[in-house]
Amino acid sequence: MTNRRDFLQCAAAGLLGAATVSRAGAAGLPEAATRSSADMQPPQHPQSGRPYQPVATLNGWTLPWRMKNGWKEFHLVAEPVVREIAPGMKARLWGYNGQSPGPTIECVEGDKVRIFVTNKLPEHTTVHWHGILLPNGMDGVGGLNQPQIKPGKTFVYEFEMTKSGTFMYHPHADEMTQMAMGMMGFLVVHPKNPDFMRVDRDYVFLINAYDIDPGSYTPKINTMTDFNLWTWNSRAFPGIDSLVARTNERVRIRIGNLTMTNHPIHLHGVNFEVTCTDGGWVPRSARWPEVTTDVAVGQMRAIEFVANRPGDWAFHCHKSHHTMNAMGHDVPTMIGVDHRGIVDKIQKLVPDYMVMGDRGMADMGEMEMPLPDNTLPMMTGMGQFGPIEMGGMFTTFKVRDKLQPGDYKDPGPYQYPKGTVAYEWTGELAEPTRASTAKADDKTVTVIKPSGHGGH
Ligand SMILES: [Cu+2]
């Protein structure tokens, strides 16, 4: 829950670059609201103007705006920020208005928007408005469409929102560094007709990833694929907000991917359809049912469904390494390795030596090992039945029969009706059918023999 105390009002006088903005005829810059709390701000209904169903940004918030002579004015400040990735770990990132990702910008189809961008980074930047159809000079590719915004300067972007949909913003200047440092945000344009594509709850988040060595705070910006923190809105499970819905509500989840790899996003408990991409709304005749949708690099996918089954449903990236927190990827696979007899000998040489992973890695979910400062356990998060053994890109989608409209608080663990949870069987068991009678510890190669034939 957020309150106004999170917002530190930035006086216009404190900002630089007045000369650069005078062309826009602005008498003073609009408020540059800033926020450092990673709590989700409940959806903000518009203070005035046309109605729409506002979005809920996971562990994020919506940027306030002001109207000035028919223009909707926003103020983004590009700057270094500290982001809590999950309780126990903070990262030094770059973002906008106190956070990475930056605040979500919400407006309405037909709006004329003026976005002031103040650069408080140590190097130049620009902002590109991914997916928005606008005049070429407003597209934000440094060097190609505009000079870069030097440190201390403020630039103005002005364009009309000609279509509704889901878009992203990010720098198009020293992109590799600035995106690896967390500079990105969402831009949602609501349809002019509030009944078009109406949903009851509308969530948004960006997929991002960082490479931060345990014990350190700053991402390694040259990493191309081997990231160790897989995050949604720069948060890792168990630090990611739960999504909630009342039974039978229609829900939309808008997911943008600004990492270096694709993410197959999987939601349990429903069949959904992709209803919008960063190119626009998908016609009804072109949709099909899914339980996983791949969100490729530089893509946005909005999924929609009716939340008709109460419960605590898992919602995660299906690449299993992406539901892990910082871990040594160099840990050898020890399953089946018999340590008996050698542990004592190794411990004489290496007193802290311990056996890990000889029965699989599930023990890691319970193990309480001392961690270096500022890192996260590899597999964390507790459920009502024990460790969930997940980190990274994982959260829960909680559907409840009794939930007030506008209530986005985590309702706690699901109360399962009696007799609806998988249970231990203690009765008689028939002999199970198996592929082979060879024992797994045979030193010979296991051959799966077809049954009922002569064999070979
Ligand atoms: Cu993934």
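Residues numbered from 1 in each chain as written. Predicted model: local features only at pLDDT ≥ 70, side-chain atom pairs only at ≥ 80, totals over all residues.

The name an unreviewed UniProt entry gives the protein chain is Copper oxidase, with Chitinimonas arctica as the organism. Per UniProt, the protein chain carries the Subcellular location (unreviewed entry) text "Cell outer membrane". (UniProt positions renumbered as here; feature names shortened; annotations may be inferred.)

What follows is about the overall build of the protein chain. Each helix and strand counted, the protein chain has three helices and 23 strands in total. When each of the 456 residues of the protein chain is scored for burial, the buried share is 39%. Residue pairs in contact within the protein chain that sit at least 24 positions apart in sequence constitute 73% of those at least 6 positions apart. (Helix = DSSP H or I, 4+ residues; strand = E, 2+ residues; numbered from the N terminus. Buried ≥ 20, exposed ≤ 12 C-beta atoms within 10 Å, placed from the backbone. Contact = placed C-beta atoms within 7 Å.)

Excluding glycine, residues mostly carry a negative phi; peptide bonds, for their part, are mostly trans. The omega torsion across Ser100 and Pro101 is -5 degrees, close enough to zero to call that bond cis. You can see Pro101 is positioned in the loop between β4 (89–96) and β5 (105–108). In the segment running from Phe237 into Pro238, the intervening peptide bond is cis, with an omega of 15 degrees. Take Pro238: it is sitting in the loop between β12 (229–232) and β13 (243–246). Although it is not a glycine, Asn69 adopts a positive phi angle of roughly 50 degrees. Turning to its location among the elements, Asn69 is positioned in the loop between β2 (66–68) and β3 (71–86).

The subject of this paragraph is the environment of Asp241. As for its placement among the helices and strands, Asp241 is situated in the loop between β12 and β13. The spatial distance from the C-alpha of Asp241 to the C-alpha of Thr396 is 8.0 Å, given a sequence separation of 155 residues. Setting aside its immediate chain neighbours within four residues, Asp241 contacts Met40, Leu58, Asn59 and Thr395.

An order of β13-β23-β20-β15-β18 is seen for the five strands of this open sheet, with the pairing classed as mixed. With one partner strand each, in any of the chains shown, β13 and β18 (292–295) form the two edges of the open sheet. In this sheet, neighbouring strand axes are inclined to one another by 20 degrees on average, regardless of whether the strands run parallel or antiparallel. (Pairing = 2+ DSSP bridges. Axes fitted to C-alpha atoms, helices over the stretch in contact; angles between N-to-C directions.)

Okay, the pairing of strand β23 (residues 394–400) next. Most of β23 is tucked away: six of the seven residues are buried. As paired strands, β13 and β23 are joined by four bridges and run parallel to one another. Its bridge partner being in β23, Arg246 is matched across the sheet by Arg400. Note: strand β20 (residues 311–317) against β23, six bridges, orientation antiparallel. Paired with Gly311 across the bridge in β23 is Val399.

Grouped together as the largest cluster of nonpolar side chains are 89 residues, with contacts concentrated most on Leu76, Val117, Met168, Leu187, Tyr203, Leu229 and Ala236. Among residues more than four places away in sequence, those in contact with Leu187 are Ile105, Trp129, Phe167, Met168 and Tyr169. (Core = buried A, V, L, I, M, F, W, Y, C linked by C-beta atoms within 7 Å.)

Okay, the sheet that holds strand β9 (residues 165–170) next. Strand pairing in a sheet takes place through backbone hydrogen bonds and is either antiparallel or parallel in direction. In spatial order, the strands read β5-β10-β9-β7; together these four strands make up an open sheet with mixed pairing. Whereas interior strands pair on both sides, the edge strands pair on one side only; in this sheet they are β5 and β7 (128–130). Put simply, the sheet's adjacent strands are angled 25 degrees from each other on average, direction ignored. As paired strands, β7 and β9 are joined by three bridges and run antiparallel to one another. Bridged to His128 within β9 is His170.

In this model, the protein chain carries an average pLDDT of 85, and 79% of its residues clear a pLDDT of 70 or more. Residue range residues 1–26 is modelled with pLDDT below 50. Its contacts to residues more than four positions away, or to other chains, number 40 contacts. (pLDDT = per-residue confidence, 0-100.)

Let's shift gears to the pairing of strand β11 (residues 201–210). Residues in a regular strand point their side chains to alternate faces of the sheet. Burial runs high along β11: 10 of the 10 residues are buried. Burial of β11 is two-sided: the residues Arg201, Tyr203, Phe205, Ile207 and Ala209 facing one way and the residues Asp202, Val204, Leu206, Asn208 and Tyr210 facing the other way are all buried. The sheet contact formed by strand β1 (residues 56–57) and β11 spans two bridges and is parallel. Bridge pairing links Ala56 to Tyr203 in β11. With seven bridges joining them, β11 and strand β14 (residues 249–257) adopt parallel strand pairing. Across the sheet, residue Val204 finds its bridge partner in β14, namely Arg254. With four bridges joining them, β11 and β12 adopt antiparallel strand pairing. Pairing of Asn208 across the sheet is with Thr231, part of β12.

As for its position among the elements, Ala38 is in the loop between α1 (18–21) and β1. Between the alpha carbons of Ala38 and Leu58 there is a distance of 8.8 Å; along the sequence they are 20 residues apart. For Ala38, the residues in contact, after removing those within four places along its chain, are Asn59, Arg83, Glu84 and Arg235.

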